[in-house]
Amino acid sequence: MLTMALFLAATPSVTVANDKLELTVMTDGGALSSLVRKDDPARTNPLWEGFGGTGRGHFTCVDGFGGGSAEEKAAGLPGHGEAHRLPWQTQADRNKLTQTVKLPVVQETLTRTIELVDGESVVYVHNQLESHLGFDRPIVWAEHATVGSPFLETAVVDLSAGRCHTRPHPTKPQDLPRRLASDRDFIWPMAPSVTGPMIDLRPPGKKAIDHLACQVDPTRKWGWVTALDTRRKLLVGWVFLREQFPWVQNWGHYPDGKLARGLEFSTQPFDIPRREAVQMKELFGTPTFRWLPAKSTIEGRYLVFYTPAEGFARVDDVRVEEGRIVVEDRKAGKTITLAASRASAK
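Now for a description of the structure that goes with this document. The structure displayed is predicted, hence computed values, not measured ones. (Residues numbered from 1 in each chain as written. Predicted model: local features only at pLDDT ≥ 70, side-chain atom pairs only at ≥ 80, totals over all residues. Heavy atoms only, no water.)

Points about unusual backbone geometry
Then, in step 1: Put simply, Val-62 and Asp-63 share a cis peptide bond, and its omega is -15°.
Then, in step 2: Mapped onto the fold, Asp-63 is located in the loop between strand E5 (58-62) and helix H1 (70-74).
Then, in step 3: A cis amide bond links Ser-149 with the next residue in sequence, Pro-150, at an omega value of 0°.
Then, in step 4: Relative to the elements of secondary structure, Pro-150 occurs in the loop between strand E11 (141-148) and strand E12 (155-159).
Then, in step 5: Not every positive phi belongs to a glycine, and Lys-281 is a case in point at roughly 70°.
Then, in step 6: With respect to the element layout, Lys-281 can be found in the loop between helix H2 (274-280) and strand E22 (282-283). (Helix = DSSP H or I, 4+ residues; strand = E, 2+ residues; numbered from the N terminus.)

Given below as structure tokens:
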């Protein structure tokens, strides 16, 4: 296999690929900006292009998710943490990418390896977050996976949800109205609206904003979230360890123009300052932050798959088995089995 071993810190992006998929990753900010199938003539990218086409796609929020306290802001800690604002040192060959970013304000280092295997429609991502401080502290970390137009316009979302909660919000007028009632518990996918009737959250809304969080089913080892483009018959999904990311925050921005929907698996239910996440402590019996021990390293692993899904109308289950991923639409009697040699059910 040809190996190019490039040092690419000064370039804006790098592409890694196998015979099935092509993934573009930004070297400034580290976002996964484009994922396309090589057998798709239209090269449909399910990932969000960001406001103004900034290639935000799937970006990492660490160590921070949402805004910070007044003191953190004064110390130079930006919203959603430092990682998405800094250049990442990047080394790549054809189908493997290693990136490192040092986070000076929180005194941490994030190292990420992304790998594709020939014959598989799967991207393997392994993160390691290292503390340079001599004391334990609570951290907040979200993988801000976001899908967008045109894929999202005819897409439905499914996830391994337990209980859910709508984000508290003010009643004052906004550019786009809220669809969901403020600060309410519900069971996915039917959520209470501001006007009373229940809303099916699987398809996108119209001219509105949604903001909610779901507990990943506590009976599962692997959590998952998918977006199925019912017109193009394409399915993108994220699979992650529940003990590392026990929450999925769902943010929907549905103006007249390009749509965006965040499917953000994370250590906490909402993008709130660290202090609030720690004070919340838990929701539905699930912790709302994660510990990073002194002078230690913690992991964050996930898989991304992107596959044709002929005959699928929904996703009822995604299972990680030894060496494969199994996706089911039980009502339609359809199953997709994807080779995933690096996946382990253990």
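Some details on the sheet that holds strand E28 (residues 334-339)
Then, in step 1: Strand order in the open sheet made by the 3 strands is E26-E27-E28, with antiparallel pairing throughout. The two strands at the open ends of the sheet, each matched to only one other strand, are strand E26 (317-321) and E28. The average undirected angle you get between the axes of adjacent strands in this sheet is 15°.
Then, in step 2: Of the pairings in the sheet, the one linking strand E27 (residues 324-329) to E28 comprises 6 bridges and is antiparallel in character. (Pairing = 2+ DSSP bridges. Axes fitted to C-alpha atoms, helices over the stretch in contact; angles between N-to-C directions.)

Here we look at the packing of aromatic side chains
Geometrically, a pair of aromatic rings is defined through the distance of the ring centres and the angle of the planes.
Then, in step 1: Summed over the entire model, instances satisfying the criterion amount to 8 aromatic pairs.
Then, in step 2: Relative to Trp-251, the ring of Trp-48 has its centre 5.8 Å away and its plane inclined at 65°; by these criteria the two rings are edge-to-face. With Trp-48 in the loop between strand E4 (32-37) and E5 and Trp-251 in strand E20 (residues 247-254), this pair connects stretches of sequence that are 203 residues apart. As far as burial versus exposure is concerned, Trp-48 and Trp-251 are alike and both buried.
Then, in step 3: Here the aromatic rings of Trp-247 and Phe-284 are separated by 6.4 Å at their centres, their planes lie at 40°, and the arrangement is tilted. Of this pair, Trp-247 sits in strand E20 while Phe-284 sits in the loop between E22 and strand E23 (286-287), and the two are 37 residues apart along the sequence. Phe-284 shares its class with Trp-247; the two are buried.
Then, in step 4: Following the ring pairs from residue to residue traces out a cluster consisting of Trp-141, Phe-240, Phe-245, Phe-265 and Tyr-302. (Phe/Tyr/Trp six-rings, centres within 6.5 Å; stacked < 30°, edge-to-face > 60°. Buried < 20%, exposed > 50% of the residue type's maximum accessible area, 1.4 Å probe, protein only.)

Some remarks on the pattern of salt bridges
Then, in step 1: Enumeration according to the criterion identifies 25 salt bridges in this entry.
Then, in step 2: The shortest N-O distance in the salt bridge between Glu-72 and Arg-274 comes to 3.1 Å. With Glu-72 in helix H1 and Arg-274 in helix H2, the pair connects residues that are 202 residues apart, well separated along the chain.
Then, in step 3: When its relative accessible area of 16% is taken as the criterion, Arg-274 is described as buried.
Then, in step 4: Its salt-bridge partner being Glu-321, residue Arg-324 comes within 2.5 Å of it at the nearest N-O pair.
Then, in step 5: Overall, the relative accessible area of 36% leaves Arg-324 in the partly exposed class.
Then, in step 6: Salt bridges sharing partners connect three or more residues here, namely Arg-220, Asp-317, Arg-319, Glu-321, Arg-324, Glu-328 and Arg-330. (Salt bridge = Lys/Arg side-chain N within 4 Å of Asp/Glu carboxyl O.)

Quick notes on the state of the cysteines
Then, in step 1: If you walk through the whole model with that rule in mind, you get 1 disulfide.
Then, in step 2: The residue that forms a disulfide with Cys-164 is Cys-214, at a sulfur-sulfur distance of 2.1 Å. In this structure, the disulfide formed by Cys-164 and Cys-214 twists by about 100° around the S-S bond and is classed as right-handed. A residue pair is termed long-range when its members are at least 10 positions apart, and Cys-164 in strand E13 (residues 161-166) and Cys-214 in strand E17 (residues 208-216) qualify at 50 residues. This pair shows no difference in class: Cys-164 is buried, exactly as Cys-214 is.
Then, in step 3: Cysteine Cys-61 remains unbridged, with the sulfur of Cys-214 as its closest cysteine sulfur at 18 Å. (Disulfide = S-S within 2.5 Å.)

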